[in-house]
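Residue-level structural notes
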Amino acid sequence: MQIQDVLQRQLELRRQQRRHRSLSVAAAAHDFSANDYLGLSQHPQVLDAFQRGLQQWGTGSGSSPLVAGYQKPHAYLRRHLSEWLERDNVLLFSSGFSANQCTMRALAPLYDRVLLDRLSHASLLDGVREQRHWKRFAHNDATHANKLLKPDATNLLVTESVFSMDGDSAPLRELAALDVDLWIDDAHGLGIIGADGRSAASELSQKQAPLITATFGKALGVMGAAMVGTDSVIDYLVNYGREFIYSTAFPAAQATAVSAAIKIAQSAEGARLRQQLDTNIALFGELATRANIPLGKSEHAIQTLVVGSDANVMRIGTALSSQGFKCGTIRPPTVPEGTARLRITLTAQHKEAEIRAFVAAFADCYHRLTETQAV
Ligand SMILES: Cc1ncc(COP(=O)(O)O)c(C=O)c1O
């Protein structure tokens, strides 16, 4: 059989399941799907830092960090981030996906057992899949995780501060109390949790949580990521992390933009933006409750409505889109079978009227569907 036939057969399968994905240019007037929680991707200081960085350093770093791609702004960003998070050291990556995959591939073979939350991100799963000694524990269940530990051995336990598909948070203190090295993927927490935005790092010391994934493409509004941890882990990744060693460093200008974004997150303005985000989350929750929308449990910017059927999720998504609103339409295999959902992401930039209009449209689409069929 020709490869083209194989591809078409697999794609047809996705279509039949109503899970075929395709790209569409973001054009919604009211976006409730992006992770730019503080609106920093449009902040004048971040834009200015990026532009000045481009003028000074050009558009590309030219090579791997171990060749010539590691430049002054990268070094500054590493120092800045490790000081902010009060951790020994930091290593930069082009994306959170590659940071997680690289670190998991490099470290997992060194442990006797690796435990992942059942809802861990695809990048973590992809990094550990080839190993034999990993297990998943029930979502956010420290008691179950404890049962799966290998006694008198080295255990690595991986979780997320805020889960990307549900918006709920991990019981970090309970997990840190287990006999494990705790690795927290802080993609959706960094910049927005806690009075100072330091998220997991402010809740737990380096000893309690020796490894953190920090991403720059969400609350910090740019792109790229870092692994944050002890000197020895970072040194190990520099020497054994294949995605780090064999990949071009992200542009120095991007590092200047991320540093500018961190400065804002640390400042009084950052605290104000976080407060506005909290106000918007509370307003959304209140309006949704009043409109009888049974949202999942989340106090964070990610809010979900599990609908179950893929087709119904797409119906609601399309109806909202025709009214100029965009929210996430999430289907398996991204989430478990039978739990297709709408994912709504609040930011500090949403205006009260916009949130009210969105909830009204959302409630209308949802209730119309429930009236005609059981969703
Ligand atoms: C929990 C989590 N980890 C890692 C990533 C990957 O980060 P990036 O988008 O920087 O590749 C994401 C983003 O999708 C995420 O939600």
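Before reading further, recall that the structure is shown in the block above.
Notes on helix 13 (residues 268-290)
Spanning 23 residues, helix 13 covers 33 Å between terminal C-alpha atoms, matching the ideal 33 Å at 1.5 Å per step. Taken together, the buried positions of helix 13 are Gly270, Leu273, Arg274, Leu277, Asn280, Ile281, Leu283, Phe284, Leu287 and Ala288. At its buried positions, helix 13 is contacted by helix 12 (252-266), strand 9 (302-308), strand 11 (340-345) and helix 15 (352-372). Where helix 13 begins, the capping side chain belongs to Ser267, and its oxygen is found 3.2 Å from the backbone nitrogen of Glu269. One or two positions beyond helix 13, positive phi appears at Asn292, with a value near 60°.

Section: the site of the ligand
Around the ligand sit Ser95, Gly96, Phe97, Asn100, His121, Glu160, Ser164, Asp185, Ala187, His188, Thr215 and Lys218, and those are all the residues in its vicinity. Here an oxygen atom of the ligand and a side-chain polar atom of Lys218 are 3.3 Å apart. Look at the ligand: alone it shows 390 Å² of surface, and the protein chains cover 81% of it. At three residues, helix 5 (residues 96-107) tops the list of elements feeding residues into the shell around the ligand. Looking at the shell around the ligand residue by residue, the class counts come to two nonpolar, seven polar and three charged.

Quick look at helix 12
End to end, helix 12 covers 21 Å across 15 residues, agreeing with the expected 21 Å (1.5 Å per residue, within 8%). Most of helix 12 is tucked away: 12 of the 15 residues are buried. Of all the positions in helix 12, only Ala252, Ala253, Gln254, Ala255, Ala257, Val258, Ser259, Ala260, Ala261, Ile262, Ile264 and Ala265 are classed as buried. Of the surrounding elements, those touching the buried residues of helix 12 are helix 2 (44-57), helix 4 (72-85) and helix 13.

With respect to the environment of Phe32
Within the secondary structure, Phe32 is located in strand 1 (residues 30-32). Look at Phe32 and you get buried, because its relative accessible area is 0%. Contacts of Phe32, omitting those with residues within four sequence positions, involve Phe325, Lys326, Cys327, Gly328, Arg343, Ile344, Thr345, Leu346, His350, Glu354, Ile355 and Phe358.

Description of the sheet that holds strand 11
Here four strands make up an open sheet; going across it, the order is 1-10-11-9 and the pairing mixed. The open sheet has two edge strands, strand 1 and strand 9, and neither has a second partner. The sheet shows a mean angle of 30° between the axes of neighbouring strands, taken without regard to direction. Lying on the sheet, helix 15 is in contact with strand 1, strand 9, strand 10 (325-330) and strand 11; it crosses strand 10 at an angle near 50°.

Concerning a nonpolar patch on the surface
Among the surface-exposed residues, Ile3, Leu7 and Leu11 lie close enough to one another that they form a single nonpolar patch of about 260 Å² accessible area. With respect to the secondary-structure elements, Ile3 resides in helix 1 (residues 3-16). Classification of Ile3 by relative accessible area gives exposed; the value is 55%.

Focus: the environment of Arg21
Of note, Arg21 is situated in the loop between helix 1 and strand 1. Overall, the relative accessible area of 47% leaves Arg21 in the partly exposed class. C-alpha separation for the pair Arg21 and Leu237, spaced 216 residues apart in sequence, amounts to 34 Å. Once residues within four sequence positions are removed from consideration, Arg21 is found in contact with Arg14, Arg331, Pro333 and Thr334. Of note is the side chain of Arg21, whose polar atom sits 3.1 Å from the side chain of Thr334.

Procedures and definitions
Residues numbered from 1 in each chain as written. Predicted model: local features only at pLDDT ≥ 70, side-chain atom pairs only at ≥ 80, totals over all residues. Heavy atoms only, no water. Helix = DSSP H or I, 4+ residues; strand = E, 2+ residues; numbered from the N terminus. Expected span 1.5 Å × (residues − 1). Buried < 20%, exposed > 50% of the residue type's maximum accessible area, 1.4 Å probe, protein only. Contact = heavy atoms within 4.5 Å. Polar contact = N/O pair within 3.5 Å; in protein donor to acceptor, adjacent residues only side chain to side chain. Near = heavy atom within 4 Å. Areas by Shrake-Rupley, 256 points an atom, 1.4 Å probe, with all protein chains shown as cover. Nonpolar A, V, L, I, M, F, W, Y, C, P; charged D, E, K, R; others polar. Pairing = 2+ DSSP bridges. Axes fitted to C-alpha atoms, helices over the stretch in contact; angles between N-to-C directions. Patch = residues over 30% accessible without salt bridge, like charges linked within 9 Å, V, L, I, M, F, W, Y side chains within 5 Å. Salt bridge = Lys/Arg side-chain N within 4 Å of Asp/Glu carboxyl O.

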